[in-house]
Amino acid sequence: MPDHEIIYNTLASLAQNPDLGGVHGLLDCVFGFLAERTDFFSGGESGQARKIVDTAFEKWEKKSSAIIEEKEREKKKAEDKLKARLAAQKAKEEEEIKATAAASASGDEEPKIQELTDEQADALQRKLDAEKAGTSDATAEESASKGEASAKKEDDEEESEEDKGKMKPNSGNGGDYENYSFTQTLSELEVRVPLKVNFKLRSRDVVVDIQKKHLKVGVKGQPPVIDGEFHKEVKLEECVWNIEGQSIVLSIEKVDKMNWWSQVVTTDPHINTKKVEPENSKLSDLDGETRAMVEKMMYDQRQKEMGLPTSEDQKKNEILQKFMAQHPEMDFSKAKIS
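Residues numbered from 1 in each chain as written. Predicted model: local features only at pLDDT ≥ 70, side-chain atom pairs only at ≥ 80, totals over all residues. Heavy atoms only, no water.

The next point concerns the packing of aromatic side chains. Across all of its chains, the model carries four aromatic pairs by this definition. An aromatic cluster is built from Tyr177, Tyr180 and Phe182, whose rings are joined through pairwise contacts. The residue whose ring lies beneath lysine 63 is tryptophan 60, and the NZ or CZ to ring-centre distance is 4.8 Å. (Phe/Tyr/Trp six-rings, centres within 6.5 Å; stacked < 30°, edge-to-face > 60°. Lys NZ or Arg CZ within 6 Å of the ring centre and 35° of its normal.)

See the structure below:
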């Protein structure tokens, strides 16, 4: 039996070749090959060639709906998995909120003190003075903004040992290397490989070999620009490439659509995926509920970077205030929420 994945990958690459003319050009090329290199049209009875083509067309026309349904099921399965993970996280956070409120009410929890830097303390004092005077002091607001920026800078500098030395992601949440670059979403990567040659690039001049766990890209007769094992497994049948000017552009579909890649191949330097900041438009494939939960996580991450309370911290404070209002007989003088 032939290796259909290799054949499909080759056909997909041809379909993406601008010199061929897309799918229509690919079909024309196939029938041209059958006419010029085989006896497909002349070797059988009259009408037999058309019958063979019609049979194959009807077979795959019927199967196409099943293939589409299978892709939809895979997509829904991935979304359900993400929902379950986020729901479990939400339930855990709600339990922590209740425990915090109960501990604060009983006075068992020690007061939490958040230490401010000199810049933050000065900015906060100026802002309080301006509010107390009932004036809109623009200078105080500017100072407060500078304090927040300083806090963010300090947070950025306090990286864990594991993340030290890792590259900062580029604007496309990928990495810019010496000989190529990549951008990514949760579901796919785009790899751009500019080739330094003094002639117009055509598909016959390059080597592009995409396997499930390995990638090789370069110019024929020269050392490859990329030649290594993928960071994670890819969906081979969904991977395509084409030539744009003097660059090879690869669109690579991930198998695991739940995590960011820190590199394309294992020999690349790592990017710090904790600093990835996906834009809202890149979440458009998710349903409303899942997208809302993901955006909430992104908001909380930005709040932490600026030293501000997350949505859960804000919710804790609201619950504590309601709890205090419902139980005026209890002493909350020692309860503090940072």
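Still more to cover.
So, on to the sheet that holds strand β6 (residues 226–229). In spatial order, the strands read β4-β5-β6; together these three strands make up an open sheet with antiparallel pairing. Only two strands of the sheet have a single neighbouring strand rather than two, namely β4 (206–210) and β6. Strand-to-strand twist in this sheet, taken as the mean axis angle between neighbours without regard to direction, amounts to 5 degrees. As judged from the four bridges shared by strand β5 (residues 214–219) and β6, these two strands associate in the antiparallel manner. Counterpart to histidine 214 in the pairing with β6 is glutamate 229. (Pairing = 2+ DSSP bridges. Helix = DSSP H or I, 4+ residues; strand = E, 2+ residues; numbered from the N terminus. Axes fitted to C-alpha atoms, helices over the stretch in contact; angles between N-to-C directions.)

Another point: the pattern of salt bridges. Across all of its chains, the model carries 12 salt bridges by this definition. Here glutamate 70 and arginine 73 are joined by a salt bridge, their closest N and O atoms 2.6 Å apart. Residue glutamate 70 and its partner arginine 73 are located together in helix α3 (residues 48–106), separated by three residues, close to a single helical turn. A salt bridge links glutamate 74 to lysine 235; its shortest N-O distance comes to 2.7 Å. Taken together, the positions of glutamate 74 in helix α3 and lysine 235 in the loop between β6 and β7 (240–244) put the pair 161 residues apart, joining distant regions of the chain. The exposure class of glutamate 74 is partly exposed, given its relative accessible area of 36%. Among the charged side chains, a network of salt bridges with common partners joins Glu93, Lys296, Asp300, Glu312 and Lys315. (Salt bridge = Lys/Arg side-chain N within 4 Å of Asp/Glu carboxyl O. Buried < 20%, exposed > 50% of the residue type's maximum accessible area, 1.4 Å probe, protein only.)

Another aspect to go through is the environment of glutamate 162. Turning to its location among the elements, glutamate 162 is positioned in the loop between α5 (138–157) and β1 (175–176). Separated by 110 residues in the primary sequence, glutamate 162 and asparagine 272 place their C-alpha atoms 9.6 Å from one another.

With that out of the way, let us pick up the nonpolar core. Counting residues in each nonpolar core, the largest one holds 29 residues, and the members touching the most others are Leu215 and Leu250. Mapped by element, the contributors of at least two residues to this core are β3 (188–194), β4, β5, β7 and β8 (247–253). Beyond its immediate sequence surroundings of up to four residues, leucine 215 is in contact with Asp209, Ile210, Ile226, Asp227, Gly228, Phe230, Leu250, Ile252, Val264 and Val265. Ranked by size, the runner-up nonpolar core spans six residues in total, among them Leu82, Met258, Val294 and Met298. (Core = buried A, V, L, I, M, F, W, Y, C linked by side-chain atoms within 4.5 Å. Contact = heavy atoms within 4.5 Å.)

It is worth spelling out the confidence of the model for the chain at this point. Averaged over the chain, the pLDDT score is 80; the fraction of residues at 70 or greater is 78%. For the chain, the element scoring lowest by mean pLDDT is α5, at 53; strand β2 (residues 181–184) scores highest, at 96. Under a pLDDT of 50 for its full length, residues 109–113 has, in the predicted model, eight contacts with residues more than four places off or in other chains. (pLDDT = per-residue confidence, 0-100.)

The residue tryptophan 60 is located in helix α3 in this model. Classification of tryptophan 60 by relative accessible area gives partly exposed; the value is 40%. The residues touching tryptophan 60, leaving out its near neighbours within four places in the chain, are Tyr8 and Ile67.

Relative to the assigned elements, glutamine 303 resides in helix α6 (residues 288–305). A residue is classified by how much of its surface remains accessible, and glutamine 303, at 9% relative accessible area, is buried. Excluding residues that lie within four positions of it along the chain, glutamine 303 makes contacts with Leu308, Pro309, Thr310 and Gln314.

A separate point is the sheet that holds β7. Judged by pairing direction, the sheet is antiparallel, and its five strands sit side by side in the order β1-β2-β3-β8-β7 without closing on themselves. Both edges of this open sheet fall to β1 and β7, since each of them pairs with a single strand only. Alignment of β3 against β8, held across seven bridges, turns out to be antiparallel. By the bridge assignment for β8, arginine 192 is matched with valine 249.

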